[in-house]
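Below, each chain spelled out in residue letters.
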Amino acid sequence: MQRKAKACVPGVAALLAVLLAGCSGGSGLGDESDDSKPGGGGGTTAPVQPGKYRTLPEPCGEVDHDTLDSMLPGIPEMTDAEQREKAYEGTPTVTYDTDRRVGCNWKVESSGASHHLLIDFERVVSYDGTVSDDARAAEVYATKLREAGLSRPSGDAPQDDGDAGTESAGSDKAGDTEAGDKAQGGKRGRSDDDKGKAAGDKGKGAGPAEDAEGKDGADDEDASAATGPATPPPGLEPRTLGDLGDEAFLDDALTTAASASRHRTVTVVFRTSNVVVTIEYDEQPGRRTDVPDSKEMQDKAQELADQLAGEFDE
């Protein structure tokens, strides 16, 4: 009996050793599981925040009738109530994924011109876990900015919250254009520019040869304007805008041809968080000698942009 009891002692010690080894092994597996989580660094890297907007509004319903009456004067000229209501509705843009991109078109003929309005909403989603939706949307906006031949103001880097970028854009814009020229339109601030443009236009045909033949001078001016450079008046050139979304710009292009009427397209693009909004407003006069007014079209496009930005902020 004494010999048998001694034999049990080593067995108990062996059992304890096995149990201790098992506990140590369990702790090691737990550490390995934590390190294997995506992101590395012991799981200390915080994931990027998703974009503010998860859905998009219905674009054809975002523009009120008063705005459409102003931008598309052919609508209030319609005498048929059913036809007028159909014109207000617009035509939805065909897109492959309405969760990511939607748009609406309006095209209306009036007694003096043809007007076309397009609004486009693009919700940007980043599939890179290290890049936020806002940062990816800023890249989409930057591409549109370059296509318009513009660049961000110096030192204006895209930011997720957009606050600093907007402030910088506003300060640089004030330096490039007249002080107080706001993104919302600045009609009073731009009235002097229109006066200067009118005076300049009169001066073009006021040479000695044209004084004797006023009509011929006007015809020569029209021909020159049809084939010459289509530069908007000072203060109305393509530019970045402040106080509109996180960042914004405006483009103004006048298409000219001596044998056809000239049409102007004003484009406003702004980014709010992870959504990029594009507005295209086009006017083509019925007469070849008529030129769409740059200031009037820019004011209307910017007023619509302000309204849409406000809808996203609500």
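Asks: Report on the pattern of salt bridges, specifying residues and quantitative values.
Replies: Enumeration over the complete set of coordinates arrives at 10 salt bridges. The closest approach of N and O atoms between Glu139 and Arg136, which form a salt bridge, is 2.8 Å. A residue pair is termed a helical-turn pair when its members lie 3 or 4 positions apart in one helix, as Glu139 and Arg136 do in helix α5 (residues 133–147) at three residues. The class for Glu139 is partly exposed, based on a relative accessible area of 41%. Of the charged contacts, one joins Arg287 and Asp290 as a salt bridge, the two residues approaching to 3.1 Å between their closest N and O atoms.

Asks: Residue-level account of the sheet that holds strand β4 (residues 239–241), with values.
Replies: If you trace the seven strands from one edge of the open sheet to the other, you get β1-β2-β3-β7-β6-β5-β4, paired in antiparallel fashion. The sheet terminates laterally at β1 (91–92) and β4, the two strands that pair on one side only. As paired strands, strand β3 (residues 113–123) and strand β7 (residues 275–285) are joined by 11 bridges and run antiparallel to one another. In the strand pairing of β7, His116 is matched with Asp282.

Asks: How would you explain unusual backbone geometry if you had to name every residue and give the values?
Replies: Unlike most non-glycine residues, Asp243 shows phi in positive territory, near 60°. As for its placement among the helices and strands, Asp243 is situated in the loop between β4 and β5 (247–255). Under the relative-accessibility criterion, Asp243 is labelled partly exposed at 42%. Phi at Ser273 takes a positive value of approximately 55°, unusual for a residue other than glycine. For Ser273, the location among the structural elements is in the loop between β6 (263–272) and β7.

Asks: Could you give me a rundown of the pairing of β5, with the residues and numbers involved?
Replies: Relative to β5, β4 runs antiparallel, the two being bridged by three bridges. Within β5, the residue paired with Thr240 across the bridge is Phe249. Taken together, β4 and the strand that follows it, β5, pair antiparallel across an intervening segment of five residues, in which Asp243 is found at a positive phi of about 60°.

Asks: Explain the side chain of Asp246 to me, and be specific about the residues and the numbers.
Replies: By secondary structure assignment, the location of Asp246 is in the loop between β4 and β5. Residue classification places Asp246 among the buried positions, given a relative accessible area of 12%. Of note is the side chain of Asp246, whose polar atom sits 2.7 Å from the backbone nitrogen of Ser273.

Asks: So what about the confidence of the model for the protein chain? Which residues, and what values?
Replies: When pLDDT is averaged along the protein chain, the result is 74; 61% of the residues meet or exceed 70. Taken element by element, the predicted model of the protein chain shows its lowest mean pLDDT in helix α6 (residues 163–176) (38) and its highest in β3 (97). Contacts from residues 1–8, a stretch scored under 50 in pLDDT, to residues over four places away or in other chains number zero contacts. Contacts for the low-pLDDT stretch residues 23–42, under 50 throughout, to residues beyond four places or in other chains number three contacts.

Asks: Requested: an account of the packing of aromatic side chains, with residues and values cited.
Replies: For the structure on display, the rule yields three aromatic pairs. With centroids separated by 5.7 Å and ring planes inclined at 55°, the aromatic side chains of Tyr141 and Phe249 adopt a geometry described as tilted. Taken together, the residues Tyr141 in helix α5 and Phe249 in strand β5 connect sequence positions 108 residues apart. The two residues Tyr141 and Phe249 agree in class, both being buried. An aromatic cluster is present here, built from Tyr53, Phe121 and Phe312 joined pairwise through their rings.

Asks: So what's going on with the environment of Ser126? Residues and values would help.
Replies: By the element assignment, Ser126 lies in the loop between β3 and α5. There is a polar contact of 3.3 Å between the side chain of Ser126 and the backbone nitrogen of Asp128. Looking at Ser126, its side chain comes within polar contact range of the main-chain oxygen of Val131, at 2.8 Å.

Asks: Please set out the state of the cysteines residue by residue, giving values where relevant.
Replies: Counted by the stated rule, this structure contains one disulfide. Note that Cys60 is cross-linked by a disulfide to Cys104, the S-S spacing being 2.0 Å. Taking the sign of the S-S torsion, about 100° here, the bridge from Cys60 to Cys104 comes out right-handed. With Cys60 in the loop between α1 (2–35) and α2 (65–71) and Cys104 in strand β2 (residues 101–109), this pair connects stretches of sequence that are 44 residues apart. A single burial state applies to Cys60 and to Cys104, both of which are buried.

Calculation criteria
Residues numbered from 1 in each chain as written. Predicted model: local features only at pLDDT ≥ 70, side-chain atom pairs only at ≥ 80, totals over all residues. Heavy atoms only, no water. Salt bridge = Lys/Arg side-chain N within 4 Å of Asp/Glu carboxyl O. Helix = DSSP H or I, 4+ residues; strand = E, 2+ residues; numbered from the N terminus. Buried < 20%, exposed > 50% of the residue type's maximum accessible area, 1.4 Å probe, protein only. Pairing = 2+ DSSP bridges. Polar contact = N/O pair within 3.5 Å; in protein donor to acceptor, adjacent residues only side chain to side chain. pLDDT = per-residue confidence, 0-100. Contact = heavy atoms within 4.5 Å. Phe/Tyr/Trp six-rings, centres within 6.5 Å; stacked < 30°, edge-to-face > 60°. Disulfide = S-S within 2.5 Å.

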